[in-house]
Amino acid sequence: MRRVLGYRKSYSIRTTRPLRKPLGGALCAAAAALLLVTMTANPLLAAGPPIFGFESVGFEVTLNGKELEGAEVYQAESAGAFLILSEDLAAPVLLRLRDGQVETLNLMKVNHNSNGSVDVLAGATLAAQGGFQVNSDRTGIVFTVDGQTAELKEKPPLLGSQQAAGLKAYDPHYERTAEAYSPSDPIVEKLRQQDQEVKVSVFFGTWCGACKQMVPRIIAVADRLEGSKITFDFYGLPPGIAGDKEAGRMGISAVPTGVVFVDGKEAGRISGNGWRVPELAINNLLVNGQS
Amino acid sequence: MTTEPFDSSPSQPWIRVLGIAAAVFLGLVFLVAAWGKALDPVSFVEQIRAERLDFFGLAEATAFMALGLEIALGLALVTGLRRWWVLAPTAALVTFFLFLTGRAYWRFEHGLIDETEACNCFGNLLNRTPKEAFWQDLWLLVVPLGLSLVGRGREGAFPKRRLMLIGGLTAAALVFAWKAPDLPLDDLATRLKPGVGVSEICAGSEENPEQLCLDTLVSDFGAGKHWVVLSDLDEPTFLEAVPQLNEWSTSQSEIGLWILTAASAEAVSTFRWTQAPAFAVQEAPYAMLRSLHRRLPRSFLVEDGEVTRTVSDLPLTEF
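Residues numbered from 1 in each chain as written. Chains lettered and ligands numbered in written order. Predicted model: local features only at pLDDT ≥ 70, side-chain atom pairs only at ≥ 80, totals over all residues. Heavy atoms only, no water.

1. Things to note about unusual backbone geometry
Part 1: Cis geometry is found at the peptide bond from V255(A) to P256(A), where omega equals 0 degrees.
Part 2: Along the chain, the position of P256(A) falls in the loop between α6 (245-250) and β20 (257-262).
Part 3: The step from L296(B) to P297(B) runs through a cis peptide bond, and the omega angle for that step is 0 degrees.
Part 4: Inspection of the secondary structure puts P297(B) in the loop between α11 (286-289) and β6 (298-303).
Part 5: Residue R138(A) is not a glycine yet carries a positive backbone phi of 65 degrees. (Helix = DSSP H or I, 4+ residues; strand = E, 2+ residues; numbered from the N terminus.)

Right, here's the structure in full:
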């Protein structure tokens, strides 16, 4: 059993199956008839199809211009839908992008699975809220929920010095993709045994397409090397790299670029194809001076 | 007007042979370069614009005139014509090419452009850094040009027939270039063809530590089957097909579907919000994708890290 988080009221929901109560056949039929009558009478209500596999994503939500702290945003790519859960919203909000529809639904039909994903169960009563528009800077969409203006948009770039945990918190994609990468055990073991103080400063951009693929692999290696003498620091840069002071000071012209310091002195850099196997690149740099 | 031969001494026939061989070689270099550009004239027109050589805003006309000149001079040199009215414009053209590659090299050395912005003088057939382009052109063009001036004999009668042949072939080549975008020549005209490994599709040269290849960018391509569509995300045919691509992508999980794009971050974001793709949209450097297509969309199938099939449009019929 899991508690649905983010709401003042908590509801107990089974992990894999919809909530069911032992109802008699007559009661069941009456409830269905009532639902049918309600929906026929109110064209803004409809019974939605189930949508499975919503995954947590790193987006932010504002309501009347104010950020909703603690809002949970989930995306089901296959269905082209987003789901927003927040205690500041009267009900979960379902955005079906392909249909251009914004709807609210009953919380009882939102099921949290043990793997962190979320399902919208069959028969959820969807209350239409209207359509949506892409916002002016193309980073998200604006819509109305219960007469209030809401916005779902990409988070601003993560800037400055960060730890791996900070990246995972910024966007769960980093954690999911990192988990999918398995660093080579022998190389990791070799790296764990080396006795010099090594710091790998990874300059990256949350806006950079290549970084989205490569940084999770580096995070996976950082996770495996936790507790060793090799530490990682992730430095987020803005889209105009050249304008950033730290990037200028370090001579960073492309991301992701890793600057490897051994006992406080720069030993070399890793970039481009060097990140194909990050643990190998670090090891090569420490052993041969080249990634 | 006639020109005095550099050396017409019958005692040194090898000098004449050397001169002819050099002219033929230079002509072949021109023709190979023209072939590369004729296969993908749209890209050549873009290059003319990028180099700001589109006089009076007529980039297409400028491109076709330049192409015609290169072909005509190439044919003239290959057929052994070494008259002053061939060699003078040849020297001018070589000087112009060297100016372009030299300027790009200077800009690269001064950090004004990156290494992927070299002269695309051979179309998509060669990927060269600004430094490589300059030094290769210097050796491939200047040396044979200099040698083609030696051992020229007395100029005889006006070569009317040869000129007619050259004119005819040049006209035919220009018609070919005009029609080339509609001809099924993508595999020939680009670096993307069956048999190419994803590790060979790169942005940047091997010497560049920042070189990025497709196998690093998308490690998933190393195993399994993946259809990859190259797109700017705004082609009408692509946008119309998005629902079909979504449906195919969600209906099976054996074959991956990826869109590789060099579109701006804003365009990618707009696409995601308006189309809600069920497939992966991966941003890639323009330098990586530039030599993989003549027009968009273009698609290819990757199996275990190797390109096994290419499609000049969307792979809808393959689904």
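Still more to cover.
2. Here we look at the interface of chain B and chain A
Part 1: Of the residues lining the interface, 25 residues belong to chain B; the matching set on chain A comes to 31 residues.
Part 2: Roughly 2100 Å² of surface becomes buried between chain B and chain A when both sides are summed, with 50% attributable to carbon and sulfur atoms.
Part 3: Considering only the surface of chain B that becomes buried against chain A, E210(B), T216(B) and W273(B) emerge as the three largest contributors, covering 36% of it.
Part 4: The tally of links between chain B and chain A comes to two salt bridges.
Part 5: We note a salt bridge from K212(A) to E283(B), for which the minimum N-O separation is 3.8 Å.
Part 6: Taken together, the connections running from chain B to chain A amount to 14 residue pairs in polar contact (both at pLDDT 80 or more).
Part 7: Looking at the side of chain B that touches chain A, the elements that each hand over two or more residues are β2 (212-213), α8 (214-217), α9 (236-251), α10 (265-275) and β5 (280-283) of chain B.
Part 8: Take the side of chain B that touches chain A: its biggest share by element is seven residues, from α10(B).
Part 9: For the side of chain B that touches chain A, the class distribution of residues is 10 nonpolar, 10 polar and five charged. (Contact = heavy atoms within 4.5 Å. Buried area = accessible area lost by both parts, 1.4 Å probe. Salt bridge = Lys/Arg side-chain N within 4 Å of Asp/Glu carboxyl O. Polar contact = N/O pair within 3.5 Å; in protein donor to acceptor, adjacent residues only side chain to side chain. Nonpolar A, V, L, I, M, F, W, Y, C, P; charged D, E, K, R; others polar.)

3. Some remarks on the nonpolar core
Part 1: The biggest cluster of nonpolar side chains holds 67 residues, and the ones touching the most others in it are F232(A), F234(A), L214(B) and M288(B).
Part 2: Ranked by the residues each element gives to this core, the list is headed by helix α5 (residues 209-224) of chain A, at nine residues.
Part 3: Counting 34 residues, the second largest nonpolar core, distinct from the first, contains A38(B), A63(B), L77(B) and V86(B). (Core = buried A, V, L, I, M, F, W, Y, C linked by side-chain atoms within 4.5 Å. Buried < 20%, exposed > 50% of the residue type's maximum accessible area, 1.4 Å probe, protein only.)

4. A short note on the packing of helix α2 (residues 41-50) of chain B against helix α3 (residues 59-78) of chain B
Residues and elements named next belong to chain B.
Part 1: Where α2 contacts α3, the axes come no closer than 9 Å and their chain directions differ by 110 degrees. Our classification of the angle between α2 and α3 gives roughly perpendicular. Helix-helix and strand crossings are classified by hand; for α2 and α3 the assignment is right-handed. Contacts between α2 and α3 involve P41, F44, V45, I48 and R49 from the first element and A59, E60, T62, A63, F64, A66 and L67 from the second.
Part 2: Tallied by class, residues from the contact of α2 with α3 come to nine nonpolar, one polar and two charged. (Axes fitted to C-alpha atoms, helices over the stretch in contact; angles between N-to-C directions. Parallel < 35°, antiparallel > 145°, perpendicular 65-115°, else oblique. Left-handed = near helix turned anticlockwise from the far one by under 90°.)

5. As for the sheet that holds strand β14 (residues 132-134) of chain A
Part 1: An order of β6-β5-β16-β15-β14 (chain A) is seen for the five strands of this open sheet, with the pairing classed as antiparallel. Single-partner strands in this sheet number two, and they are β6 (66-67) and β14 of chain A.
Part 2: Relative to strand β16 (residues 148-154) of chain A, α10(B) is tilted by about 130 degrees, and along the sheet it contacts β5 (59-63), β14, β15 (140-145) and β16 of chain A. (Pairing = 2+ DSSP bridges.)

6. Some words on the pairing of β5(A)
Residues and elements named next belong to chain A.
Part 1: Across the five residues that make up β5, a large majority, five, are buried.
Part 2: Burial along β5 is two-sided: F59, V61 and L63 facing one way and E60 and T62 facing the other are all buried.
Part 3: In terms of strand pairing, β5 meets β16 through five bridges, oriented antiparallel. Bridging across to β16, L63 finds its partner in A150.
Part 4: Here two bridges tie β5 to β6, and the two strands are oriented antiparallel to one another. Within the sheet, the bridge partner assigned to L63 lies in β6 and is K66.

Read these as geometric descriptors, not functional statements.
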